[in-house]
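Each chain, written out:
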Amino acid sequence: MRKRIFLSPPHMCGDELKFINQAFESNWIAPAGPAIVAFEKQIAGDNGADYCLAVSSGTAAIHLALIVLGVSRGDEVICSTFTFSGSCNPIIYQSATPVFVDSELDSWNMDPLLLEEAIQSRIRLGRKPKAIIVVHLFGMPAQMNPIMDVARRYEIPVIEDAAEALGSTYFEKRMGSIGDIGIYSFNGNKIITTSGGGSIISSDKELIEKARFLSNQSRSPVPYYQHEEIGYNYQLSNISASIGLGQMTVLTERILQRRRIFDLYKKNLNNTVFSFQPEMTGCFSNRWLTTVLIAGEKSINNHIRIALETENIETRPLWKPMHLQPVFKDAPAYLNGTSEFLFEKGLCLPSGSNLTDSELGFIVESLNQAQ
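What this report covers is the structure whose coordinates are included nearby. (Residues numbered from 1 in each chain as written. Predicted model: local features only at pLDDT ≥ 70, side-chain atom pairs only at ≥ 80, totals over all residues. Heavy atoms only, no water.)

## A short note on the packing of aromatic side chains
- Under the defined criterion, the tally for this structure stands at seven aromatic pairs.
- Considering the side-chain rings of Phe100 and Phe328, the 5.4 Å spacing of their centres and the 70 degrees angle between planes classify their relative orientation as edge-to-face. Here the residue Phe100 occupies a position in strand β3 (residues 97-101), and Phe328 occupies one in the loop between β13 (316-317) and β14 (333-334), the gap between them amounting to 228 residues. Of the two residues examined, Phe100 and Phe328, each falls in the buried class.
- Residues Phe262 and Phe276 carry aromatic rings whose centres are separated by 5.4 Å and whose planes lie at 80 degrees to one another, so their mutual orientation is edge-to-face. Separated by 14 residues along the polypeptide, Phe262 in helix α9 (residues 251-268) and Phe276 in strand β10 (residues 274-276) bring together distant segments of the chain.
- Judged by relative accessible area, Phe262 falls into the buried class, the value being 6%.
- Of the residues examined, Phe276 reaches a relative accessible area of 14% and is grouped as buried.
- Among the aromatic residues, those joined into a cluster by ring pairs are Phe84, Phe138 and Trp319.
- One cation-aromatic arrangement involves Arg2 over Phe362; the distance from NZ or CZ to the ring centre is 3.7 Å.
- Sitting above the plane of the Phe262 ring, Arg287 keeps its charged end 3.6 Å from the centroid. (Phe/Tyr/Trp six-rings, centres within 6.5 Å; stacked < 30°, edge-to-face > 60°. Helix = DSSP H or I, 4+ residues; strand = E, 2+ residues; numbered from the N terminus. Buried < 20%, exposed > 50% of the residue type's maximum accessible area, 1.4 Å probe, protein only. Lys NZ or Arg CZ within 6 Å of the ring centre and 35° of its normal.)

This is the structure in structure tokens:
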């Protein structure tokens, strides 16, 4: 059988071993050490923030962000419906209620007009949202200027879920740096990886320090173990941070590689069948995943996915909207049909930065034949 072509596998550069060996030689193996300090400093500096906390996952980062913003039982949090469940599961961890807002077609991200409509509706019900989680889908920046205008007008803090958007920019500002708190994921499928991991950034020192305290089981600063608040085991290990330091040396290269892959798909796929996620004026996407919409009958999407699977090429549908998920069937949702349309018509294509030209050519050929 032909070697499997994965959607977005890890891509090691070799420098990771240098940093890992430093950790081993110094015996910094526990969830503390100089690699974590250096990794946090680099993430903060590269993304226009003053402070950073490295944690065990992007989901953990969102959970901590919600806690430090004061989200608790009975609150409501607005969240993009077109996303992965990791964006909204932490809302439930806090015994709060997600309120889903649909996308717009210009970026596939949260619709700013619908966001304001949702806020006004919740306020009329006496349920002013406690926070907004905006997702930068597949690396594409959301329309942050109008979104932030709405958020500031109603005095609601914004969490940028930039899990997929490390290195992407919106009018030259890094994603994650525009809202009150930004989060990243370094899962194995992301543009760079620490195997598993994530981080929180902010220019508010108090928020990050509170999150740091909570991430270490809320241990009070005394010689013995004392806990005055419920804490979490959300720390990143020094070894994982060492991998991250190696990966950060090639972030710019990885972004250029992913954008080149996107350009090759766009140039070579049949443009009467396949269309692509737009990149608006002022936006620069890392193109973490190349995603396409497929013209034709509803079943053509699944037909193409199965055809590529028979060639051992991994593709996946776009995210199934959260308001369609059984676990969130009772959550309030403000919809315009966009996310359901994108889910019905969309497909994620192999986008790993280690794809060879031969593999890309084979994928393109298979896609054009499968239609």
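## Focus on the state of the cysteines
- With the rule as written, the count across this model stands at zero disulfides.
- No disulfide involves Cys283; its sulfur sits 19 Å from that of Cys348, the nearest cysteine. (Disulfide = S-S within 2.5 Å.)

## Observations regarding empty space enclosed by the protein
- Evaluation of the coordinates by the stated rule reveals one cavity of 30 Å³ or more.
- Lining the largest cavity are Ala163, Glu164, Ala165, Leu166, Ser185, Phe186, Lys190, Ile191 and Trp288.
- For the lining of the largest cavity, the class distribution of residues is six nonpolar, one polar and two charged. (1 Å grid on protein atoms, 1.4 Å probe; cavity = no way out; pocket = protein on both sides within 12 Å on 5 of 7 lines; lining within 4 Å. Points joined across faces, edges and corners; volume = space filled by probe spheres on them. Nonpolar A, V, L, I, M, F, W, Y, C, P; charged D, E, K, R; others polar.)

## Focus: helix α10 (residues 300-310)
- Those residues of α10 that sit buried are Ile300, Asn301, Ile304 and Leu308. All buried residues of α10 fall inside an arc of 110 degrees around its axis, so they share one side.
- Contacts from the buried residues of α10 go to β10, β12 (290-294), α11 (338-345), β15 (346-349) and α12 (357-370).
- Following α10 by one or two positions, Asn312 adopts a phi angle in the positive range, close to 65 degrees. (Arc of directions from axis to C-beta. Contact = heavy atoms within 4.5 Å.)

## So, the environment of Ile183
- Its place among the elements puts Ile183 in strand β8 (residues 181-185).
- Assessed through its relative accessible area of 1%, Ile183 is described here as buried.
- Separated by 129 residues in sequence, Ile183 and Ala54 place their C-alpha atoms 9.7 Å apart.
- In contact with Ile183, other than residues within four places in its own chain, are Gly58, Ala61, Ile62, Ile159, Glu160, Asp161, Ala162, Ala163 and Ser199.

## Description of the packing of helix α5 (residues 112-124) against helix α6 (residues 144-153)
- In the contact formed by α5 and α6, the axes pass within 9 Å of each other and the chain directions differ by 15 degrees. Comparing their axes, α6 and α5 come out roughly parallel. At the point where α5 passes α6, the crossing takes the right-handed sense. The segment α5 lies against α6, with Pro112, Leu115, Glu116 and Ile119 engaging Pro146, Ile147, Val150 and Arg153. (Axes fitted to C-alpha atoms, helices over the stretch in contact; angles between N-to-C directions. Parallel < 35°, antiparallel > 145°, perpendicular 65-115°, else oblique. Left-handed = near helix turned anticlockwise from the far one by under 90°.)

## Side note on the side chain of Asn286
- With respect to the helices, strands and loops of the structure, Asn286 is situated in the loop between β11 (283-284) and β12.
- A polar atom in the side chain of Asn286 sits 2.9 Å from the backbone oxygen of Leu166.
- Among the polar contacts made by the side chain of Asn286, one reaches the main-chain amide nitrogen of Trp288 at a distance of 2.8 Å.
- Among residues more than four places away in sequence, those in contact with Asn286 are Phe138, Gly139, Glu164, Ala165, Leu166, Ser168, Ile191, Ile255, Arg258 and Arg259. (Polar contact = N/O pair within 3.5 Å; in protein donor to acceptor, adjacent residues only side chain to side chain.)

## Concerning the sheet that holds strand β7 (residues 173-174)
- Strand order in the open sheet formed by three strands is β7-β6-β11, with antiparallel pairing between adjacent strands. In this open sheet, the two strands that pair with only one neighbour each are β7 and β11.
- Relative to β11, strand β6 (residues 169-170) is paired through two bridges, and the arrangement is antiparallel. Within β11, the position partnered with Thr169 by the bridge is Phe284. (Pairing = 2+ DSSP bridges.)

## Quick word on the layout of surface pockets
- Considered as a void within the structure, the largest pocket measures approximately 520 Å³ in volume.
- In this structure, the largest pocket is lined by 31 residues; those nearest its centre are Phe84, Asn187, Asn189, Lys190 and Trp319.
- Looking at the second largest pocket, its volume works out to about 240 Å³.
- Lining the second largest pocket are 15 residues; nearest its centre among them are Pro31, Ile36, Leu53, Arg212 and Gln235.
- Going through the elements one at a time, α2 (34-46), β1 (51-55) and α7 (205-215) are the ones with two or more residues in the lining of the second largest pocket.
- Counted by class, the lining of the second largest pocket contains eight nonpolar, four polar and three charged residues.

## Section: the pairing of β1
- For β1, the buried fraction is high: four of the five residues fall into the buried class.
- Bridging between β1 and strand β9 (residues 198-202) involves five bridges; their strand directions are antiparallel. For Cys52, the partnering residue across the bridge sits in β9 and is Ile201.

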